[in-house]
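Per-entry structural report
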Amino acid sequence: MLAGKAYMERHNQVAGIVYRNICTEYGLEVPGSRWETPPKVLENKQAKILWDFQIQTDKMVVANQPDTLVVGKHRKTVGVIDVAIPSDSNIRKKEHAKLEKYQGLKEEMERMWGMKATVVPVVIGTLGVVTPNLSRWLQQIPGTTSEISVQKSAVLGTAKILRRTLRLPGLW
């Protein structure tokens, strides 16, 4: 019961950092609080940003709802960004799984929209461990998202989960 909500909260905190940095880069209104759920769609002349939005495609694709989708209108690019916070020992496996998971969506968007699409996995271990690729992935995301900011958010989220769990009656 605790895990589902707490894990999603931690995930959304990390995804929110990436999202707010993209908004800043494109001059879009940044959500006021880090606890505020971003709007599903934000758009201006430069970009369209979709948060947890189901993408309609001609052909059925299994994974069609990434955390964030960024459409760069001038460069005609699409960034499919998905965040994961697995156990530290599974970060490489999860990074690979994210790349595979959204390959079908990437191909469909390139075909339908005539834009270059990129899948960008943002994978941080529960205790802050990252793959050597994370800095390269973050550079592909519009705006400036530092490794340390997403690592810190993931670790603080884990600490919050641990504090809640250790307070449960009957554990000690």
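In short, a report on the structure. Because the structure is a prediction, the values reported are computed rather than measured.

In this section: the pairing of strand β5 (residues 116-123). When you tally the buried positions in β5, you get six out of eight residues, the bulk of the element. Bridge count between strand β4 (residues 77-84) and β5: eight bridges; the pairing is parallel. Paired with Val78 across the strands is Ala117, a residue of β5.

Take Lys106: it is sitting in helix α3 (residues 103-113). Here Lys106 falls in the buried class, since its relative accessible area comes to 16%. If we ignore the near neighbours within four places in the chain, the residues touching Lys106 are Lys116, Ala117, Thr118 and Val119.

As enumerated under the stated definition, the model contains nine salt bridges in all. Where salt bridges share partners, they join Glu9, Lys160 and Arg164 into one cluster.

The subject of this paragraph is the layout of surface pockets. Using a probe with the size of a water molecule, rolled over the atoms, empty space left in the structure can be pinpointed. Quantified by volume, the largest pocket comes out at close to 310 Å³. Along its surface, the largest pocket is lined by 14 residues, and Tyr26, Gly72, Arg75, Thr77 and Pro142 are the ones closest to its centre. The set of elements that each furnish at least two residues to the lining of the largest pocket consists of β3 (68-72) and β4. For the lining of the largest pocket, the leading source of residues is β4, giving three residues. In this structure, the second largest pocket spans a volume of roughly 250 Å³. Along the walls of the second largest pocket sit 16 residues, with Met8, Asn12, Thr37, Pro38 and Trp51 positioned nearest its centre. Among the elements that make up the lining of the second largest pocket, the one with the highest residue count is helix α1 (residues 2-25) (eight residues).

Analysis parameters
Residues numbered from 1 in each chain as written. Predicted model: local features only at pLDDT ≥ 70, side-chain atom pairs only at ≥ 80, totals over all residues. Heavy atoms only, no water. Buried < 20%, exposed > 50% of the residue type's maximum accessible area, 1.4 Å probe, protein only. Helix = DSSP H or I, 4+ residues; strand = E, 2+ residues; numbered from the N terminus. Pairing = 2+ DSSP bridges. Contact = heavy atoms within 4.5 Å. Salt bridge = Lys/Arg side-chain N within 4 Å of Asp/Glu carboxyl O. 1 Å grid on protein atoms, 1.4 Å probe; cavity = no way out; pocket = protein on both sides within 12 Å on 5 of 7 lines; lining within 4 Å. Points joined across faces, edges and corners; volume = space filled by probe spheres on them.

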